Amino acid sequence: MGGSDRRAAAAGGEQERVGAHIRRFRKEQGLTLRGLSAKSGLSIGFLSQVERGVSSIGLTALNSVANALDRPVAAFFDDDAPEPESGLPASPPRHFTLTRREDGATQYVSGQQTYRMLSDRGPGLVLEPMLVHIAPGGRREEAYGHKGEEFAYVVRGELLYEVDGVEHRLFPGDSVHLRSDLPHRMFNDTGEVTTVVSVVTPRLF
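All values derive from a computational prediction rather than experimental measurement.

Participant: Honestly, the sheet that holds strand S3 (residues 128–134) in this entry has me stumped. Any pointers?
Facilitator: Two strands in a sheet stick together by hydrogen bonds in their backbones, pointing the same way (parallel) or opposite ways (antiparallel). Taken together, six strands build an open sheet; the order of strands is S1-S2-S3-S9-S4-S7 and the sheet is antiparallel. Looking at which strands have only one partner, the edges of the open sheet turn out to be strand S1 (107–110) and strand S7 (175–179). Adjacent strand axes in the sheet meet at a mean angle of 20°, parallel and antiparallel pairs treated alike.

Okay, here's the thing in structure tokens:
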């Protein structure tokens, strides 16, 4: 099996795991797909495809599902999902993170996208900085909006970034910054991996 085949198999396994967790957590709460759709803002058809492992779900869309199901995003990637946390401390401690290039950063794979976390976790933090590698092809996610802001800077390759129904082609050095309540989605329609520095709020993990 070639490198691209192994990556595809790994991505497929991750998206099936994420879908199975969504179905499990939804049923534990007695929610129908319609109920989860109403709470997350994602369509019933899309959620059904994700649960069956037919479609992948991006990290920010998964965050909407996680909020609807009162679970941390990391729980959807774990074999043994942790229980939801009960909020942040009243006065979060001071936080400083220095991440070296050679440090073993946490990574999550969701569909065509691999997310490398660029800072440590910490209570009360707002920004979620990530290095995102977007493999070519796959199914386009549906556009949707959610709370927060997003910033994306293309380091390598090309990226289609749709905002409020308008597609923008980004090249290395290009960036976008938006309030996330605008319907948006991104897609790599080239034959090469695209690398993006992404910063979103609120934090996903």
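Participant: What exactly am I supposed to notice about the sheet that holds strand S8 (residues 184–187) here?
Facilitator: Spatially, three strands are ordered S6-S5-S8 in an open sheet, and the strand pairing comes out antiparallel. In this open sheet, the two edge strands, each paired with only one partner strand, are strand S6 (166–170) and S8. Within the sheet, the average angular offset between the axes of one strand and its neighbour, ignoring direction, is 20°. Of the strand pairs in this sheet, strand S5 (residues 159–163) and S6 are connected by five bridges, and their pairing is antiparallel. Following the sheet pairing, Tyr161 is matched in S6 by His168.

Participant: Help me understand the environment of Ala20 in this model?
Facilitator: By secondary structure assignment, the location of Ala20 is in helix H1 (residues 3–28). Along the primary structure Ala20 and Phe77 are separated by 57 residues, whereas in three dimensions their C-alpha atoms are 9.9 Å apart.

Criteria and thresholds
- Residues numbered from 1 in each chain as written.
- Predicted model: local features only at pLDDT ≥ 70, side-chain atom pairs only at ≥ 80, totals over all residues.
- Heavy atoms only, no water.
- Pairing = 2+ DSSP bridges.
- Helix = DSSP H or I, 4+ residues; strand = E, 2+ residues; numbered from the N terminus.
- Axes fitted to C-alpha atoms, helices over the stretch in contact; angles between N-to-C directions.

Purely geometric stuff here, so don't read any function into it on its own.
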